[in-house]
Amino acid sequence: EREVQLIELLSNEKKPLSKNAILKRIWKYAEDADTHTVETHIYRLRKKILDEFKDEKFIVNSKSGYSI
């Protein structure tokens, strides 16, 4: 369920989202929360997409944050 929410959130945004913004909007964490939840979910999603669709750049990250 969270993976689907993450894909929907990133695909609906016009600009990259920071880890803290994703934590706040999907997991309702405080902005100063220190967790690897986002990185773990992104890693798993990238692996699933790569295995199924051979797309290595489905979710990209930059200094600004994550985007699709």
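Scroll up to find the structure this text is about.
Owing to the predicted nature of the structure, the values given are computational and were not obtained by experimental measurement. (Residues numbered from 1 in each chain as written. Predicted model: local features only at pLDDT ≥ 70, side-chain atom pairs only at ≥ 80, totals over all residues. Heavy atoms only, no water.)

Undergrad: How do you make sense of the side chain of His41 when you look at a structure like this?
TA: Following the sequence through the fold, His41 ends up in helix H3 (residues 37-53). Apart from residues lying up to four places away in sequence, His41 is in contact with Arg2, Glu3, Leu6 and Trp27. (Helix = DSSP H or I, 4+ residues; strand = E, 2+ residues; numbered from the N terminus. Contact = heavy atoms within 4.5 Å.)

Undergrad: Where do I start with the packing of helix H1 (residues 2-12) against helix H2 (residues 19-27) in this structure?
TA: Helix packing for two helices is described by the angle between their axes and how far apart those axes are. At a minimum axis separation of 11 Å, H1 and H2 run at an interaxial angle of 125 degrees. It follows that H1 is oblique to H2 by the angle criterion. Both H1 and H2 take part in a crossing whose hand is right-handed. Contact with H1, carried on its side by Arg2, Gln5, Leu6, Leu9 and Leu10, involves Ile22, Arg25, Ile26 and Trp27 of H2 and no other residues of that element. Partitioning the contact of H1 with H2 into residue classes produces six nonpolar, one polar and two charged. (Axes fitted to C-alpha atoms, helices over the stretch in contact; angles between N-to-C directions. Parallel < 35°, antiparallel > 145°, perpendicular 65-115°, else oblique. Left-handed = near helix turned anticlockwise from the far one by under 90°. Nonpolar A, V, L, I, M, F, W, Y, C, P; charged D, E, K, R; others polar.)

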